[in-house]
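Residue-level structural notes
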Amino acid sequence: MAQKTTHGLLPLLPPPTTSQSPTAAPAASRSSRAFSKIKFGLLAGVLAISTFWAYSCSVGGCNHGEAPVFGGDEWEDDYAGVNEGISGRLGYTLVKDIPAESIPGRGKRGVKKGEGDDKRLIIVGDIHGMFDEFQSLLDKVSYDSESDYLVLAGDIISKGPDSLAVLDFARKIGAHCVRGNHEDRILLHYHDIQRRKRKHHLALSVERKLAKSLSKKQAEWLDACPLVVRAEKVPGLGQYYIVHAGLVHGIGLRRQDPVAIMTMRTLNHHLVPSPKQNGMHWAKYWNKMERRETHGHTTVVYGHYAAEGLDIRRYTKGLDSGCIRGRRLSAYILKANKGGRVEEDIVSVKCREYLD
Amino acid sequence: MQLRKALLGLVALASVVSSAAVIPRDGGGGKLPRPVSPKKPRREPEDTKYFRENTDLTGHYDERFFSEIVDYDARLDTLKHMVRAWLLTTAKEGIETWIAHGTLLGWWWNGQILPWDWDLDVQMSADTLTMIGNEYNMTRHKYVSEDGLVEREYLLDVNPWIWQRVRGDGMNVIDARWVDVRNGLYIDITGIAETQPDSMPDILNCKNYHRYHVNDIWPLRDTTFEGVPAKIPYSFDEILITEYRAKALVVTEYEGHRWNTKSKTWDLANDVPAGAEAEQLKNHVREPERYYSVESGGFFYNVFRLLHWW
């Protein structure tokens, strides 16, 4: 093709005039020949590229623009600390979902502008048997069991003065719960006592006594508490997980260590969680990783970390504000406002000094 | 054993030499008599060792029942049935026991024995240990597997030195044993007790300097191990991290085995170093094999990628 055009073009060019300088003519023809070589090279290049493009499109389906995805489930599979099945082997209920109609802003007709939504999601941190404070907190948020979905974020009982009263009250008003480390201990004792009477260690007698005083109904209610309560698709905010202590970012729920969900405070550099305080706060890591994501954010609401107090970050909400030690009892509230957006709010009450 | 005999011979020789009271000043002879006098009273505690292993071979067989070294499959089969038998028997008899150390690590990964483990570890409280010492010592227990195909017999042997709750000379750190009488493989049973109730209340020790807080052990958790009901300590993950470092919960290649993420088992892998070789490589970071086996995509695809991204 390229050769043909140059041949066709040649007769159109004016015939070379015999000039005074005979050396000029061969120089001109040499340069035009070099130009056509460059043209030919360019053409061949374009052809080669488009051939490769067409070839790779037919082979690979033309979706090379999409970067390969490392992450999500694939990464979960590759994470070494796969302890899938521990929660199953220990007999825990892993996760329960909040029904869609109870999630604020997700009513049947959606939230229209200027109307708001009467559904609220209320999460209360470590109550530890502080019955009076729990009641005054519910009064302060004007709790209504019809429209509010109340979740107690673990450590409802133990340590405090009126564990059983809190338990009965929570059952009466239809509260929901997640399993905390203290529920876990008390229930393990409870089942041990149910099975047989064993001589036990003195240091355990406080927990053991509480476990002994549980009625079958109370124990069943506690036993049904899952490790995680999940609210999916909260409008504008994404997914919400409610746990007692924490979660390791990037690991699917099934693969999380169930005991760590109830006890963790920090992570080490292998991402192994620990209840000790000498590592990176898991919430810090969670926020760091969550900020990198462009969509589908997950927020974790938790308790357990009293030393940090009320710890509200963008994607984690720490609610243990140390009620048992005379500080405050806090509630985290999600509510759809008049503009149709779901907003968060924190309400807390002062606690009497019980421990220390 | 041979070494000990040789040493005793030397000691005897030396005492003869010293009693003769002719000690030559030159030569190595002058060195020998001196260790003799402190050595003599120490020879007695040496004999307090109750459980004897075949140290010349591997140290994993009880001397009394040892017949031959078992191979990989036979060992795993022996250990699996042995631990099932132990857990079922103790549950039936109401003996409170829980799995520990390497066996607990195996539970963490997949609820099974770690295939490179040679002996299994279980623990119990010192009170329980005394009780089984009184009531079950030297009892033999018959076991039939669930499918009825395997029949075994085990001996529960309690160390008469269990009253000694400290490590002492290190000869009796194992308090009891559950021995397969066919080949001498065994489960180590150790008791834990509050050794210093005044200065360290609620701190429990086993004789091998493992230390636990009461609340880390109790309340025990109910679970299954090798398919039968078992108990594990309350804070199993913290105990594991203390004993084996957090790496043990992360590393997926160990002692000639690789963790299979699909089947959740440790599979034999020839390319993973084991034994002495692994010791040698311990300080080197080994790149996991699978990153090399990623498909390159072929020549044309790579040329395309070059042009496209360029």
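Predicted, not measured: the structure shown is a model, and the values here were computed from it. (Residues numbered from 1 in each chain as written. Chains lettered and ligands numbered in written order. Predicted model: local features only at pLDDT ≥ 70, side-chain atom pairs only at ≥ 80, totals over all residues. Heavy atoms only, no water.)

**Regarding the confidence of the model for chain A**
All names here are of chain A. Looking at chain A, the pLDDT average stands at 82 and 77% of residues meet or exceed 70. Counted against residues more than four places away or in other chains, residues 1-6, with its pLDDT under 50, gives one contact. For residues 60-83, every residue scores under 50 in pLDDT, and the model assigns this stretch 39 contacts once sequence neighbours within four places are set aside. (pLDDT = per-residue confidence, 0-100. Contact = heavy atoms within 4.5 Å.)

**Focus: the environment of Lys140 of chain A**
All names here are of chain A. For Lys140, the location among the structural elements is in helix H5 (residues 131-140). Put simply, Lys140 and Val347 are 207 residues apart on the chain and 7.8 Å apart in space, counted from C-alpha to C-alpha. One polar contact links the side chain of Lys140 to the main-chain carbonyl oxygen of Ser348, over a distance of 2.7 Å. (Helix = DSSP H or I, 4+ residues; strand = E, 2+ residues; numbered from the N terminus. Polar contact = N/O pair within 3.5 Å; in protein donor to acceptor, adjacent residues only side chain to side chain.)

**Brief notes about the pattern of salt bridges**
Here the structure, examined in full by the defined rule, presents 29 salt bridges over all chains. Its salt-bridge partner being Asp148 of chain A, residue Arg120 of chain A comes within 2.7 Å of it at the nearest N-O pair. Residue Arg120 of chain A is located in strand E2 (residues 120-124), and its partner Asp148 of chain A is located in strand E3 (residues 148-152); the two are separated by 28 residues in the primary sequence. Under the relative-accessibility criterion, Arg120 of chain A is labelled buried at 13%. By relative accessible area, Asp148 of chain A is classed as buried at 7%. Measuring nitrogen to oxygen at the nearest pair gives 2.7 Å for the salt bridge that ties Arg64 of chain B to Asp157 of chain B. Of the two residues, Arg64 of chain B sits in the loop between helix H2 (33-46) and helix H3 (72-93) while Asp157 of chain B sits in strand E4 (residues 151-158), which places them 93 residues apart along the sequence. Bridged by salt links that share partners, the residues Asp62, Arg64, Asp157, Arg177 and Asp188 of chain B form one connected network. (Salt bridge = Lys/Arg side-chain N within 4 Å of Asp/Glu carboxyl O. Buried < 20%, exposed > 50% of the residue type's maximum accessible area, 1.4 Å probe, protein only.)

**Here's the deal with the side chain of Gln239 of chain A**
Along the chain, the position of Gln239 of chain A falls in strand E6 (residues 238-242). Beyond its immediate stretch of four places on either side in the chain, Gln239 of chain A contacts Arg230, Ala231, Glu232, Lys233, His297, Thr298 and Thr299 of chain A.

**Comments concerning the nonpolar core**
Counting residues in hydrophobic clusters, the biggest one holds 88 residues, and the most contacted among them are Trp86, Trp107, Trp178, Ile189, Ile217 and Phe236 of chain B. By residue number, the principal contributor to this core is H3 of chain B, which donates seven residues. Each residue touching Ile217 of chain B, except ones within four places of it in the same chain, is listed here: Trp98, Ile192, Leu204, Tyr212, Pro233, Tyr234 and Ile239 of chain B. Of all hydrophobic cores here, the second largest spans 40 residues; its members include Leu138, Cys323, Ile324 and Val349 of chain A. (Core = buried A, V, L, I, M, F, W, Y, C linked by side-chain atoms within 4.5 Å.)

**A closer look at the state of the cysteines**
Residue and element names in this part refer to chain A. All told, the structure shown has two disulfides over all chains when counted by the stated rule. Between the sulfur atoms of Cys177 and its disulfide mate Cys225 the distance is 1.9 Å. Here the disulfide of Cys177 and Cys225 is left-handed, its torsion about the S-S bond being about -90°. In this pair, Cys177 sits in strand E4 (residues 176-177) while Cys225 sits in the loop between helix H9 (216-223) and strand E5 (228-234), placing the two residues 48 residues apart along the sequence. Each member of the pair, Cys177 as well as Cys225, is classed as buried. Here Cys323 pairs with Cys351 through a disulfide, and the sulfurs are 2.1 Å apart. Where Cys323 bonds to Cys351 through sulfur, the torsion about that S-S bond is close to -110°, and the disulfide is left-handed. (Disulfide = S-S within 2.5 Å.)

**Description of the sheet that holds strand E9 (residues 280-281) of chain A**
Neighbouring strands of a sheet are bound in pairs by backbone hydrogen bonds; such pairs are parallel or else antiparallel. All names here are of chain A. Read across the sheet, three strands follow the order E8-E7-E9 without closing on themselves; strand pairing throughout is antiparallel. In this open sheet, the two strands that pair with only one neighbour each are strand E8 (273-274) and E9. Two elements, strand E7 (residues 266-267) and E9, share two bridges in a ladder whose sense is antiparallel. Counterpart to Thr266 in the pairing with E9 is His281. (Pairing = 2+ DSSP bridges.)

**With respect to the packing of helix H6 (residues 163-172) of chain A against H9 of chain A**
Residues and elements named next belong to chain A. At a minimum axis distance of 11 Å, the contact between H6 and H9 shows a crossing angle of 70°. Here H6 lies roughly perpendicular to H9, going by the angle between them. Here H6 contributes Leu164, Leu167, Asp168, Ala170 and Arg171 to the contact with H9, which in turn contributes Lys217, Gln218, Trp221 and Leu222. Considered class by class, the residues forming the contact of H6 with H9 number five nonpolar, one polar and three charged. (Axes fitted to C-alpha atoms, helices over the stretch in contact; angles between N-to-C directions. Parallel < 35°, antiparallel > 145°, perpendicular 65-115°, else oblique. Nonpolar A, V, L, I, M, F, W, Y, C, P; charged D, E, K, R; others polar.)

**So, unusual backbone geometry**
Note: most peptide bonds trans; most residues except glycine with negative phi. Cis geometry marks the peptide bond from Trp218 of chain B to Pro219 of chain B; its omega dihedral reads -5°. Counting through the fold element by element, Pro219 of chain B comes out in the loop between helix H6 (214-217) and strand E9 (221-225). Unusually for a residue other than glycine, Lys159 of chain A sits at a positive phi of about 75°.

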